[in-house]
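A structural walkthrough
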Amino acid sequence: MATHVEGLVDEVYLPPAELARGAHCSSMEQYEQLYKQSIDEPETFWGEIAKQFYWRQPPTGAFHEFNFDASKGRIFVEWMKGAQTNMSYNCLDRHVEAGHGDQVAFYWEGNEPADSARLTYAELLQRVKRFSNALRSLGVRRSDSVALYMPMVPELLVAMLACARIGAVHSIVFGGYSSDALADRILDGHCRLVITADGVWRGNKLIKLKHITDHAVELCAARGHPVERVVVVRHLPRLHHLVPSVGDQPGGSEPYNVKTGWNSGRDMWWDDALEGVSDECEPEWVDAEHPLFMLYTSGSTGKPKGVLHTTAGYMLYVATTFKYSFDFHPEDVYWCTADIGWITGHSYVTYGPMLNRATSVMFEGTPFYPTGDRMWEVIDKYAVSKFYTAPTAIRALMRLGDETVKRHSRQSLKVLGSVGEPINPEAWLWYHRVVGDARCAVVDTFWQTETGGHVITPLPGATPTKPGSACRPFFGVQPALLDEQGEEIHGPGEGYLVFRRPWPGIMRTVFGNHERFETTYFKKFNGFYCTGDGARRDEDGYIWVTGRIDDMLNVSGHLLSTAQIESALIEHPDVSETAVVAAPHSVKGECVYCFVTTRHGVAWTEQLQKQLILKVRERIAPFAAPDYLQYAPGLPKTRSGKIMRRVLRKIAQGDRDLGDLSTLADPGVIEPLFEHRCAGA
Ligand code: 6R9
């Protein structure tokens, strides 16, 4: 990493004066005041915010109830129970009825710069109503779950809002996952309907979504779960094919025939599903605690968890965090580069911006296609003022040099957001000085799929920022740091990052497994929600999230569990044991480093390594593929047989300072592991 910025890292960056002047929160005094009210009087604080939304019925009982202490019974969180509302009504009808139907909701920017479209709030509402009726006519009812395996196209927005409109629960699976991973999620979520597309170009690569879905549906059938319907968006033919024909890959000769494997009793084009449906669609009025969506996240056991979010609390929370963290104003053009398949896309591409009636950019492509200028071109094309991306993208773009950025104006930019993993100070400073010309606020937003929205973040018009720190808690959020014994660390110090009480956007359960919800998040420390991250608090009360302290890896902002990768590797008949650890990576943040012990007599060949990589790609996703595979004649274990991952992490980094080895059963395993270490890691 560059060292020329040393010294600046300790500096504090004040909110840009111009931004602070008109900001929703424009000083730390105001922040403290609002924060205090959110903690002392949550009902008044959130009750005031609730007034901007449409409620069919007000809450019937307490505005807010919860139990956060597993020793006192079942964990639960409720906001505004008994109130009735509808998310799609609040995202769409509310704005159209107020006369804003002609406002652009989304500028859609395709993978090819020549492909673009715009969608107003009124158009989107009309499409959502029609597709809601299509879903109903396909038999989807309130509380049914629907799987969405789609590219970043307008139909994805339409599908998710249509589910919300009819009270169905969407379960979006990121379009980069394999058929195995998709099948696991369809099964676990009991989805009988899957919405997908023929395919999508990501840069130069064609992803055959329909074929992947077909395979996933077969896997589900083999496991006793019939998927009744697959609705397919016809996306590829409407694109400008500057990319070499609809061939397989650039230079590939096989044309991609989406109709191969078409099952006419099951598969249906999106447009055909809309045939003859009505333009009118009364929303399903649902309870405040009615499920809105589930979204799978990696679990430390290896089995993904369906994180379940409900309606009202999530609505209050994503709307408010969006408004304050980006200091959103009606004249803004906002762009979040995340795929909707991740929580960042759910909360800050779809729901947060739409609840605030924002005009956003929705981007199908990648930062590097057709060139590494793409981000800056798009920013100038739409005059983006609020930009939100991930540290891994920032680091990759930083490598292309300052010139690539500087030859574009970027005058419209005001706030630069970061999310997904800890941002290293060098990348933070580059983002601030080069991308933002030192005149924009950088907001490093810490949160999780489970938290629904930002929980620790600066506010751009108020918070003096420090490069690498997510700064202070959002309204309603009370963080604490605990040591291994669960004792609270007051003042400066480092420990487990936990939260003392719920805010409206926190997850409510793990779909179909409430017990797992309680054990994963609440049983480690009674009375606290445990994030699984470590953090440090400095003298100013600023929080510095240091990263996962459980068996989780964060590769380019995507969470993966070591167990999940290990179980894919161990399926190979030549493998007897494996251990996967995170190793530092200059662009991805962390990468996947695997130790593999082969069965007796099996050679460690290149072919075997290729097969192992393929296994992981098939079982999980290409982005989970091991970066390093090292042969391990033996693994370091404690006398009770536990693999000592902390030692393996050091070996992966080539660090000989292994710490306390008194519990190591066989010290003889260490030296050979250093000998077989992968070069370059
Ligand atoms: C939103 C999202 C959650 C994990 C989280 C932490 C890491 C996210 C961060 C950050 C440091 C930030 N993380 N944002 N770490 N600073 N600003 O990414 O959700 O995919 O569930 O990942 O990501 O480790 O626990 P999710």
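Residues numbered from 1 in each chain as written. Predicted model: local features only at pLDDT ≥ 70, side-chain atom pairs only at ≥ 80, totals over all residues. Heavy atoms only, no water.

The protein chain has the name Acetyl-coenzyme A synthetase in an unreviewed UniProt entry, where Amphibalanus amphitrite is given as its organism. According to UniProt, the comment filed for the protein chain under the heading Catalytic activity (unreviewed entry) is "acetate + ATP + CoA = acetyl-CoA + AMP + diphosphate". (UniProt positions renumbered as here; feature names shortened; annotations may be inferred.)

**A look at the site of the ligand**
The local shell around the ligand holds 17 residues, among which Asp444, Thr445, Thr449, Asp533 and Arg548 are the closest. A distance of 2.9 Å separates an oxygen atom of the ligand from a polar atom in the side chain of Gln448. One of the side-chain nitrogen or oxygen atoms of Thr449 is found 2.6 Å away from an oxygen atom of the ligand. When the ligand sits alone it has 530 Å² of accessible area, and the protein chains cover 96% of it. Elements supplying a minimum of two residues to the shell around the ligand: α11 (343–355) and β26 (543–548). (Near = heavy atom within 4 Å. Polar contact = N/O pair within 3.5 Å; in protein donor to acceptor, adjacent residues only side chain to side chain. Areas by Shrake-Rupley, 256 points an atom, 1.4 Å probe, with all protein chains shown as cover. Helix = DSSP H or I, 4+ residues; strand = E, 2+ residues; numbered from the N terminus.)

**Describing the UniProt feature "domain: Acetyl-coenzyme A synthetase N-terminal" (unreviewed entry) in the protein chain**
Following the UniProt record, one finds the feature "domain: Acetyl-coenzyme A synthetase N-terminal" (unreviewed entry) at residues 31–91. For residues 31–91, the end-to-end C-alpha separation is 27 Å, with 39% helix and 16% strand making up the annotated structure.

**Re the packing of helix α4 (residues 87–100) against helix α5 (residues 121–137)**
Between α4 and α5, the least distance of the axes is 9 Å, while the angle of their chain directions is 135°. Considering the angle they form, α4 stands oblique to α5. Where α4 crosses over α5, the two elements pack in a sense that is left-handed. Contacts between α4 and α5 involve Ser88, Cys91, Leu92, Asp93, His95, Val96 and His100 from the former and Tyr121, Ala122, Leu124, Leu125, Val128 and Lys129 from the latter. Grouping the constituent residues of the contact of α4 with α5 by class yields 8 nonpolar, 3 polar and 2 charged. (Axes fitted to C-alpha atoms, helices over the stretch in contact; angles between N-to-C directions. Parallel < 35°, antiparallel > 145°, perpendicular 65-115°, else oblique. Left-handed = near helix turned anticlockwise from the far one by under 90°. Contact = heavy atoms within 4.5 Å. Nonpolar A, V, L, I, M, F, W, Y, C, P; charged D, E, K, R; others polar.)

**Points about the environment of Arg374**
When you line up the elements, Arg374 lands in helix α12 (residues 374–382). A sequence separation of 45 residues divides Arg374 from Val419, and the C-alpha atoms of the two residues are 20 Å apart. Contact partners of Arg374, with chain neighbours within four places excluded, come to Glu109, Gly110, Asn111, Glu112, Pro113, Phe363, Thr366, Pro367 and Tyr369. Polar side-chain contacts of Arg374 include one of 2.7 Å to the side chain of Glu109.

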